[in-house]
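Structure assessment
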Amino acid sequence: MIFFSRSFDRFLTVVVPLVVLGVVAFLEMAKIVSCVSACEDGPIENIQALITFAAFCLGVSLLRIKNPAWVRAFFAIGTFAALYITLEEIRYGQGLFGWGTPEFWAMVNDQNETNLHNTSSWFDQKPRLLLEIGVVVGGIVIPAIKKWAPQRLPEKFSIVYPTSALTLTACFAIGGHLYSSVLGTMGRQDLFVFDRNSEMEEVFLYWFIFLYFLFKRRELTSKESAR
């Protein structure tokens, strides 16, 4: 069972990301599909919505497990965030059902869409920054402290610490962001691997949320069963 768990974890954290990167890069370079990462309601945006909706479902199931109130509140925030991202990605159904944007909303939405993140940085860049910080702390900083200075991590918060298996996913997400930032500063957008690097970064940010909930649910369910 342990072997299966480790193999499954490796598949989700290593194989899946590499396959996604390879397939998207191939499709865009070979021009097999007209639009992969750069278009609204394209394959990548749909994948993002599916990942965050799956994360939302896992979050709801986590809330059903008996835990201290502060732990449930922590998971509730992540669950709400996953739902918010899902609804934003599908424009609250506009992309699925094709309704037009009301005139009053089009005046405040810079892309003429039914969502919030195109109206203000408070609904877009700032939440994304918080997510990136969370991925760095949860996927890189905490695992590093766990390995080299575990005594520095407060034991009372251990129930919400991410597993070190998420480190690679965090590196994919943050590494992509750093790569884009450096090339953008240098004015070398011609070296971007994908038509819209930011969309691929978001895939891995959302994949991190999904895996966090998945692994945490497995861990807590196992502990609950052992009681």
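Scope of this entry: the structure provided in the associated data block. (Residues numbered from 1 in each chain as written. Predicted model: local features only at pLDDT ≥ 70, side-chain atom pairs only at ≥ 80, totals over all residues. Heavy atoms only, no water.)

1. What about the packing of aromatic side chains?
Taken as a whole, this structure holds seven aromatic pairs when the rule is applied. Summarising the aromatic geometry, the rings of tyrosine 212 and phenylalanine 213 are spaced 5.9 Å apart at their centres and angled 45° between planes, so their arrangement reads as tilted. Under the relative-accessibility criterion, phenylalanine 213 is labelled buried at 2%. Every member of this aromatic cluster is reached through a ring pair, and the members are Phe74, Phe75, Tyr212 and Phe213. (Phe/Tyr/Trp six-rings, centres within 6.5 Å; stacked < 30°, edge-to-face > 60°. Buried < 20%, exposed > 50% of the residue type's maximum accessible area, 1.4 Å probe, protein only.)

2. A few points about the pattern of salt bridges
The final tally for this structure, using the stated rule, is five salt bridges. The residue aspartate 9 makes a salt bridge to arginine 218 at a minimum N-O spacing of 2.9 Å. In this pair, aspartate 9 is assigned in helix α1 (residues 2–30) and arginine 218 in helix α8 (residues 197–226), connecting sequence segments 209 residues apart. For arginine 218, a relative accessible area of 34% translates into the label partly exposed. A salt bridge links glutamate 219 to lysine 216, with the nearest nitrogen and oxygen atoms 3.2 Å apart. Here glutamate 219 and its partner lysine 216 are both found in helix α8, three residues apart, which amounts to about one turn of the helix. When salt bridges with common partners are traced through the structure, they connect Arg128, Glu132, Glu201 and Glu202 into a single cluster. (Salt bridge = Lys/Arg side-chain N within 4 Å of Asp/Glu carboxyl O. Helix = DSSP H or I, 4+ residues; strand = E, 2+ residues; numbered from the N terminus.)

3. Focus on the environment of threonine 163
Among the secondary structure elements, threonine 163 is positioned in the loop between α6 (125–148) and α7 (167–186). It is 20 Å that separates the C-alpha atoms of threonine 163 and leucine 130, two residues lying 33 residues apart in sequence.

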